[in-house]
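These are the residues of each chain, in order.
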Amino acid sequence: MLEGLEDKKQRFIQEFVPGKQVTLSHIIANPDEDMFDKLGIQQTGAIGILTLTPSETVIIAGDLATKAAHVSLGFLDRFTGSLVIVGTVSEVELAMIKINSFLSETLGYTPSKITKS
């Protein structure tokens, strides 16, 4: 082993590979109320979490969600591709189904399986 090699700091570089995909679709059906406080969301209900690439896709997804179901946008970040929607479990699920199907069928994105906890 080389002397001093163990003292060197290693740096990790995270690479972003562009693609047209829904990378996460998850519903938290019954979140603890503290979750809403931590997220800075004023309403309660089920939480739908999506991450999308390219990140600007969240603008389209947010529009689709609010038109497809009675949900509110809890958080939308066009720089990270994160979207949080809030509503009843059935309304959040309906919005997420609509987002996945429109993006895959109309825009050629790779959809994500909608998971639930």
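Residues numbered from 1 in each chain as written. Predicted model: local features only at pLDDT ≥ 70, side-chain atom pairs only at ≥ 80, totals over all residues. Heavy atoms only, no water.

An unreviewed UniProt entry annotates the chain as Propanediol utilization protein originating from Fictibacillus aquaticus. Annotation of the chain in UniProt includes, under Subcellular location (unreviewed entry), the sentence "Bacterial microcompartment". (UniProt positions renumbered as here; feature names shortened; annotations may be inferred.)

Draft legend 1. Focus on the packing of helix H2 (residues 57–68) against helix H3 (residues 89–105). Two elements in contact, H2 and H3, have axes whose closest approach is 8 Å; the angle formed by their N-to-C orientations is 130 degrees. Comparing their axes, H3 and H2 come out oblique. In terms of crossing hand, the pair formed by H2 and H3 is right-handed. Where H2 abuts H3, its residues Thr57, Ile60, Ala61, Leu64, Ala65 and Ala68 lie against Leu94, Ala95, Lys98, Ile99, Phe102 and Leu103. Tallied by class, the residues present in the contact of H2 with H3 amount to ten nonpolar, one polar and one charged. (Axes fitted to C-alpha atoms, helices over the stretch in contact; angles between N-to-C directions. Helix = DSSP H or I, 4+ residues; strand = E, 2+ residues; numbered from the N terminus. Parallel < 35°, antiparallel > 145°, perpendicular 65-115°, else oblique. Left-handed = near helix turned anticlockwise from the far one by under 90°. Contact = heavy atoms within 4.5 Å. Nonpolar A, V, L, I, M, F, W, Y, C, P; charged D, E, K, R; others polar.)

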